[in-house]
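Observations on chain architecture
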Amino acid sequence: MKATALETVSAIGRNSVRDALDFFCYKNNIKKEETKMILDRNENKEVVVLLGAGSMGTAIVRRIAAGKKILLGDISEKALERVAHEFTYGGYDVETQIVDACDEKSIREFAKKAAALGPVMYYIHTAGASPSQASPEHIIALDLIGTSYAID
């Protein structure tokens, strides 16, 4: 009698994937040596990078980051902790780094960390300020110059 995938998982309960393979092969009269098993241990996950951990950026990340590594960057440690907690609670794999989006060196350090995590597939840049939040000088530094550093 052949075992279905559901029966296999039910039979082993909380045991390992290898136990599931053993059970499946036994029930289906298959030699284990004839199977090719690839275990994805989530190594080399694609990376989604977000600079600016506000609501607009986090909404985008929620839509595209399932099964991927997320790197959050923001100048506010409090914002990073809050958003990282929300994502981690939702089952996402998250790392954080404090980043000053106006500072070229800070952005380069952020990029190095992103590259070290795996292949960066998405970069979302929502760090910015509006006239109600900051002076015109700061807006130029953050929205224009800082963005050019990040794109570079």
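Residues numbered from 1 in each chain as written. Predicted model: local features only at pLDDT ≥ 70, side-chain atom pairs only at ≥ 80, totals over all residues. Heavy atoms only, no water.

Some points on the pairing of strand β2 (residues 69-74)
Counted only if it meets this: Burial here depends on accessible area, computed with a 1.4 Å probe over protein chains only, as a share of the maximum for the residue type. Under 20% is buried, over 50% is exposed, and the range in between is partly exposed. Only DSSP runs of H or I with at least four residues qualify as helices, and only runs of E with at least two residues qualify as strands; both kinds are numbered from the N terminus onward. Following DSSP output, two strands are said to pair if at least two bridges run between them. The handedness of a crossover follows from its direction of travel: if, with the strands pointing away from the viewer, the path from the first strand over the helix to the second runs clockwise, the crossover is right-handed.
Summarising burial for β2: 6 of the 6 residues are buried, a large majority. Two strands pair when backbone bridges link them, and strand β1 (residues 47-51) and β2 are joined in this way by 5 bridges, in the parallel orientation. When the bridges of β2 are listed, Leu51 appears paired with Gly73. For the handedness criterion, the β-α-β arrangement of β1, helix α3 (residues 55-64) and β2 is classed as right-handed. In the sheet, β2 pairs with strand β3 (residues 93-98) via 6 bridges, with the strands oriented parallel. Opposite Ile70, over in β3, you have Val94 as the bridge partner. With respect to chirality, the unit in which β2 leads through helix α4 (residues 77-89) into the neighbouring parallel β3 is right-handed.

A look at the pattern of salt bridges
Once the charged atoms of two side chains with opposite charge are near each other, the side chains can pair. The condition is simple: Here a salt bridge means any side-chain nitrogen of Lys or Arg lying within 4 Å of a carboxyl oxygen belonging to Asp or Glu.
Counted under the stated rule, the structure contains 10 salt bridges. Glu86 serves as the salt-bridge partner of Arg62, at 3.2 Å between the closest nitrogen and oxygen. Placement of Arg62 in helix α3 and of Glu86 in helix α4 is noted, with a sequence separation of 24 residues between them. Among the residues examined, Arg62 registers a relative accessible area of 37% and is labelled partly exposed. Judged by relative accessible area, which is 36%, Glu86 ranks as partly exposed. When the shortest N-O distance is used, the salt bridge between Lys113 and Glu95 registers 3.7 Å.

Points about the packing of aromatic side chains
Quick reminder of the rule: In this analysis, rings of Phe, Tyr and Trp, with Trp reduced to its six-membered ring, are considered paired at centre separations within 6.5 Å, and the interplanar angle assigns stacked below 30 degrees, edge-to-face beyond 60, and tilted for intermediate values. For a ring to carry a charge above it, either NZ of a lysine or CZ of an arginine must fall within 6 Å of the ring centroid while also lying within 35 degrees of the normal to the ring plane.
In this structure the tally under the stated criterion is 1 aromatic pair. Ring plane angle 85° and centroid distance 5.2 Å describe the contact between Phe87 and Tyr92, whose orientation is recorded as edge-to-face. Between Arg62 and the ring centre of Phe87, over which it is positioned, the NZ or CZ distance is 4.9 Å.

Don't take any of this as a statement about function, it's just geometry.
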